[in-house]
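Fold and contact review
Single-letter residue listing:
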Amino acid sequence: MTDRLVYWAYALGWGLLKHLPERVARGLFDRLADFAWRRRGKRVLQLEANLRRVRPGLDEAGLRELSRAGMRSYLRYWMESFRLPVWSRERVARDVQVEGFENLRAVLEAGRGAVITLPHMGNWDLAGTWVAQQGYPFTTVAERLKPERLFDRFVAFREGQGMEVLALTGGSVNVVGTLARRLREGRLVCLVGDRDLSEAGIGVTFFGEATRMPTGPAALCQRTGAALLPVTLWYDGPVLRGRIHSEVPVPEEGDRKERVRAMTQAMADVWEQGVREHPEDWHMLQRFWLADLPVRETVRAASAERVEAAAEPAAEASGS
């Protein structure tokens, strides 16, 4: 699909879907999800490969039903996001229920910054809107999309929900520096952080297999003294439920990289339990584990890990 068609597909969703009756919109997206599920394209097949790690005891029929529920959950995310601009505050308050909000409130009211980190579960845009409506606007990061005007619409949408959005690449703002400054000001940063198969990611274990996750959340908390608070989201009928888990502390021992790795692994362990409990709401339709990468990418990732490990002592000695 060309960039132009992609843009108009999203524009159609934003422009028309919010005017449909709720029941009609939900039924339409359930049918779209079922259509994609029956076609068994590469994204559905990858979803099933990922879910097989989460629920290894399922037979093929059980796995297929789980992937169907997963596709419906994923399309529900898009349906709700397209309609979110016309949701009232009362609707958001009614349809989002969060446990552990006191964990976040206590940190921010004490004047510390906080980093909320979550996997691709449930509807993070709706959860973010709910948080902003509690009186805690926040800063987040978005991957730059093509075409550019599609990215601009995503940014405008999220800013309309009370979020400050920084472009991951291609902008004039120093992203890491800005996030650190917000945290030192005692403010809130929200980051989706369950997948980073680039050479910048750090190795963790998830459901017993190796993958890589971003170092940013843990590194920012080390750098600024902010609290690292993992979050899980899931659907419960018409309600989006969430849980803000206890703070992941900075380990007292180890060098900087070892502390980042330990914190990231602790965060992954929290998410693993959440995904185990609600696998249909984990929207991971891409390769996630290193074992699923082409050989050349796996070798490159392992090589980067060795180079990073070798460079760490020099970085520690220099104080960088």
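In this report, the structure presented in the accompanying data block is examined. Small disclaimer: the values here were computed from a predicted structure and weren't measured.

Details of the packing of aromatic side chains
In the structure shown here, the tally under the stated rule is 13 aromatic pairs. With centroids separated by 6.5 Å and ring planes inclined at 65°, the aromatic side chains of Phe29 and Phe82 adopt a geometry described as edge-to-face. Residue Phe29 is found in helix α2 (residues 22-39), and its partner Phe82 is found in helix α4 (residues 60-83); the two are separated by 53 residues along the sequence. Neither residue differs from the other here; Phe29 and Phe82 are each classed as buried. With 5.9 Å between their ring centres and 35° between their planes, Trp78 and Phe82 make a pair best called tilted. Within this pair, Trp78 and its partner Phe82 are both found in helix α4, separated by four residues, close to a single helical turn. The pair Trp78 / Phe82 is uniform in exposure class, with both members buried. Cluster of aromatic residues (ring-pair linked, three or more members): Phe29, Tyr77, Trp78, Phe82 and Trp124. One cation-aromatic arrangement involves Arg68 over Trp37; the distance from NZ or CZ to the ring centre is 5.6 Å.

Thoughts on the pattern of salt bridges
In total, this model carries 20 salt bridges according to the counting rule given. Two residues, Arg83 and Glu22, come together in a salt bridge whose shortest N-O distance is 3.3 Å. Remark: Glu22 occurs in helix α2 and Arg83 occurs in helix α4; sequence separation between them is 61 residues. One salt bridge in this structure joins Glu99 and Arg243, with 3.0 Å as the shortest N-O distance. With a gap of 144 residues between them, Glu99 in strand β1 (residues 96-99) and Arg243 in strand β9 (residues 239-244) connect regions that are remote in the sequence. Residue classification places Glu99 among the partly exposed residues on the basis of a relative accessible area of 37%. A single salt-bridge network, built from bridges that share partners, covers Glu22, Arg26, Arg83, Arg91, Arg94 and Asp95.

Looking at a nonpolar patch on the surface
Nonpolar side chains collect at one region of the surface, where Leu20, Val24, Leu28 and Leu32 lie side by side and expose about 260 Å² of accessible area between them. The topology assignment puts Leu32 in helix α2. Owing to a relative accessible area of 40%, Leu32 belongs among the partly exposed residues under this scheme.

Section: the side chain of Asp196
Summarising the element assignment, Asp196 is placed in the loop between β5 (188-192) and β6 (202-206). In this view, Asp196 contacts Gly201, Arg212, Met213 and Pro214; residues no more than four positions away in its chain are not counted.

Quick look at the packing of helix α3 (residues 42-54) against α4
Across the interface, α3 lies against α4 with an axial gap of 10 Å and an inter-helix angle of 115°. Handedness of the crossing formed by α3 with α4: right-handed. Packed against α3, whose contacting residues are Arg43, Val44, Leu47, Glu48, Leu51 and Arg52, the element α4 presents Glu60, Leu63, Arg64, Leu66, Ser67, Gly70, Met71 and Tyr74 at the interface. For the contact of α3 with α4, a count of residues per class yields seven nonpolar, two polar and five charged.

Rules behind the numbers
In this numbering scheme, every chain counts its residues from 1 along its sequence in written order. Given that this is a predicted model, residues contribute local features only at a pLDDT of at least 70 and side-chain atom pairs are listed and counted only at 80 or more, while totals for whole chains, interfaces and linings are drawn from all residues. Hydrogens and waters are ignored; side-chain quantities use all the structure's heavy atoms. Pairing of aromatic side chains here covers Phe, Tyr and the six-membered ring of Trp, requires ring centres within 6.5 Å, and sorts the geometry by plane angle: under 30 degrees stacked, over 60 edge-to-face, intermediate tilted. Here a helix means four or more residues in a row that DSSP labels H or I, a strand means two or more in a row labelled E, and each is numbered from the N terminus. The buried label goes to any residue with under 20% of its type's maximum accessible area, the exposed label to any with over 50%, and the partly exposed label to all in between, with areas taken from a 1.4 Å probe on protein chains only. Throughout this description, the term charge over a ring refers to an Arg CZ or Lys NZ atom that lies within 6 Å of the ring centre and within 35 degrees of the ring normal. By salt bridge we mean one thing: a side-chain nitrogen of Lys or Arg within 4 Å of a carboxyl oxygen of Asp or Glu. Each patch is built from salt-bridge-free residues with over 30% relative accessible area, joining like charges within 9 Å and nonpolar side chains (Val, Leu, Ile, Met, Phe, Trp, Tyr) within 5 Å. We get accessible surface area from the Shrake-Rupley algorithm with a probe of 1.4 Å; when it comes to residues, only the shown protein chains can shield them. We call two residues contacting when some pair of their heavy atoms lies within 4.5 Å. Working convention: axes come from line fits to C-alpha atoms, limited for helices to the stretch in contact. Angles between N-to-C directions cover 0 to 180 degrees. With the far helix as reference, a near helix turned anticlockwise by less than a right angle produces a left-handed crossing, and one turned clockwise produces a right-handed crossing. All residues other than Ala, Val, Leu, Ile, Met, Phe, Trp, Tyr, Cys, Pro, Asp, Glu, Lys and Arg, Gly among them, are scored as polar; the first ten of these are nonpolar and the last four charged.

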